[in-house]
Amino acid sequence: MELRTLRYFVAVAEELHFGRAATRLHMSQPPLSRAIKQLEADVGSLLFVRSPTGVTLTPVGSVLLDEARALLDHADRVRLRMSAAAGVATITIGILGDATDPGVARMAAAYRRSRPGIDIRIRDTDLTDPTCGLRAGMVDVALTRAPFDETALTVRTLRTDPVGVVLRADDPLTRRDGLRLAELSDRRWFQFPQGTDPIWQSYWNGGRPREGPVVRAVQECLQAVLWNGTVGLAPLGHDLPAQLAVVPLIDMPPSRVVAVWNDCDTNPLIRSFIEIATTAYRH
């Protein structure tokens, strides 16, 4: 069994849905399904009972889930010990499509000054996974935005930003100093793909179901506004193309910039990262 396949299996077992697991792993569903079927062939038994609404673990699958988690945890510990023995310590940071945030630049400079011997790997992710691959084991810590499902995660708030609605610059509503969500009820909004964290989706949809084009990245959101007249929400204080404008939302709760890591992860590099991030984002 390959560790990658076991990570796929754990994702499906925790999500109990192939579509959600594929979204979490940032891959399409067909290769995920093929990998699980091959794993079942290797094991010689079904791991999941499939249904139109999702999957449930078989008794064999439940046993494998416990063992797979233990194996993956052990593999992570081996990787850290080998890195330490080689004199190379590595931390992988996930960033949610917000690399222009000045807080990220300050954080990077501060971390390089205080931890010059650390090998830093960056994983830039799209808007479909607010944890940046954290649950799938792709990153050690994520710089992202809340809210989302925080189960088994530790979340440290670094900053809060007011939120506005992004509109075409020629939209009559851009002449307003502020808007309420109810004033946008008849507009089309951009959507995230099926399987995206529902708490995250609800927040960026203003707390209610919406209709509109599906997007995965910040640039796709902006293009949806530009080409389709779609409205969407965005933190204030970010540069926009001249053809777009943002109007503050009076009744929208602020967006929290957060650092997130797995509850069970005792990697000391994460603790030092969080300390430096907390200081960098205060300024």
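Relevant structure appears above.
Not measured: the values here are computed from a predicted model.

## Some remarks on the overall build of the protein chain
Scanning the protein chain from terminus to terminus reveals 8 helices and 10 strands. Expected size for 283 residues packed as a compact globule is a radius of gyration near 19 Å; at 21 Å, the protein chain falls within 12% of this value. Taken along the three principal axes of its C-alpha coordinates, the protein chain extends 65 × 50 × 25 Å. When each of the 283 residues of the protein chain is scored for burial, the buried share is 46%. Of all intrachain contacts in the protein chain linking residues separated by at least 6 positions in sequence, the fraction that spans at least 24 positions is 71%. Side-chain charges of the protein chain comprise 33 positive and 32 negative groups, with the mean position of each set lying 2 Å from the other.

## Concerning the packing of helix α1 (residues 3-15) against helix α2 (residues 18-25)
Packing of α1 against α2 leaves a shortest axis separation of 8 Å and a crossing angle of 130°. On the basis of their axis angle, the class for α1 and α2 is oblique. As for the relative orientation of α1 and α2, their crossing is right-handed in sense. Packed against α1, whose contacting residues are R7, Y8, A11, V12, E14 and E15, the element α2 presents F18, R20, A21, R24 and L25 at the interface. Here the residues of the contact of α1 with α2 sort into 6 nonpolar, no polar and 5 charged.

## Focus on the packing of aromatic side chains
One pass over the full model with this rule turns up 7 aromatic pairs. Taken together, a centroid distance of 5.4 Å and an interplanar angle of 45° make the contact between F9 and F48 tilted. Taken together, the residues span a long stretch of sequence, with F9 in helix α1 and F48 in strand β1 (residues 48-51) at a distance of 39 residues. Of the two residues, F9 and F48, both sit in the buried class. Put simply, the rings of F190, F192, W200, Y203 and W204 pair up and form one aromatic cluster.

## What about the packing of helix α5 (residues 102-114) against helix α8 (residues 268-280)?
At a minimum axis separation of 9 Å, α5 and α8 run at an interaxial angle of 130°. Comparing the axis directions of α5 and α8 gives the class oblique. In the crossing of α5 with α8, the sense of the turn from one axis to the other is right-handed. Counting all contacts with α5, which are made through R106, M107, A110, Y111 and S114, the residues of α8 involved are L269, S272, F273, I276, A277 and A280. Classifying every residue of the contact of α5 with α8 by side-chain character gives 8 nonpolar, 2 polar and 1 charged.

## Brief notes about the sheet that holds strand β3 (residues 89-96)
Pairing is mixed in the open sheet, where 5 strands are placed in the order β4-β3-β5-β10-β6. Because the sheet does not close on itself, it has two edges, and the strands there are β4 (118-125) and β6 (153-161). If you compare each strand with its neighbour and ignore which way they point, the axes differ by 25° on average. Bridge count between β6 and strand β10 (residues 255-262): 8 bridges; the pairing is antiparallel. In the sheet register, L153 faces β10, and the bridge partner there is N262. The strands that α5 touches are β3, β4, β5 (141-146) and β6; relative to β4, the one it contacts most, it runs at about 165°. Its contacts with the sheet place α8 against β3, β4, β5, β6 and β10, and it is angled at close to 50° to β3.

## A closer look at α5
Over its 13 residues, α5 runs 19 Å from end to end, which matches the ideal 18 Å to within 8%, given 1.5 Å per residue. Within the sequence span of α5, burial applies to G103, V104, M107, A110 and Y111. Taken around the axis of α5, the buried residues stretch over an arc of 130°, which confines them to a single face. Those residues of α5 that are buried are in contact with β3, β4, β5, β6 and α8.

## Points about the side chain of D140
Within the secondary structure layout, D140 lies in the loop between β4 and β5. Here the side chain of D140 touches T92 through a polar contact of 2.7 Å, landing on its backbone nitrogen.

## Quick notes on the sheet that holds strand β9 (residues 244-248)
Spatial strand order, β8-β7-β9: 3 strands in an open sheet with antiparallel pairing. The sheet is open, and its two edges are formed by β8 (232-235) and β9, each paired on a single side. Across the sheet, the mean angle from the axis of one strand to that of its neighbour is 45°, orientation sign disregarded. Alignment of strand β7 (residues 163-168) against β8, held across 4 bridges, turns out to be antiparallel. Paired with V163 across the bridge in β8 is P235. Seen against the sheet, helix α7 (residues 218-228) touches β7 and β9 and runs at an angle of roughly 45° to β7.

Rules used in this analysis
- Residues numbered from 1 in each chain as written.
- Predicted model: local features only at pLDDT ≥ 70, side-chain atom pairs only at ≥ 80, totals over all residues.
- Heavy atoms only, no water.
- Helix = DSSP H or I, 4+ residues; strand = E, 2+ residues; numbered from the N terminus.
- Rg over C-alpha atoms; globule rule 2.2 N^0.38 Å.
- Buried < 20%, exposed > 50% of the residue type's maximum accessible area, 1.4 Å probe, protein only.
- Contact = heavy atoms within 4.5 Å.
- Lys, Arg positive; Asp, Glu negative; His and termini not counted.
- Charge placed at Lys NZ, Arg CZ, Asp CG, Glu CD.
- Axes fitted to C-alpha atoms, helices over the stretch in contact; angles between N-to-C directions.
- Parallel < 35°, antiparallel > 145°, perpendicular 65-115°, else oblique.
- Left-handed = near helix turned anticlockwise from the far one by under 90°.
- Nonpolar A, V, L, I, M, F, W, Y, C, P; charged D, E, K, R; others polar.
- Phe/Tyr/Trp six-rings, centres within 6.5 Å; stacked < 30°, edge-to-face > 60°.
- Pairing = 2+ DSSP bridges.
- Expected span 1.5 Å × (residues − 1).
- Arc of directions from axis to C-beta.
- Polar contact = N/O pair within 3.5 Å; in protein donor to acceptor, adjacent residues only side chain to side chain.

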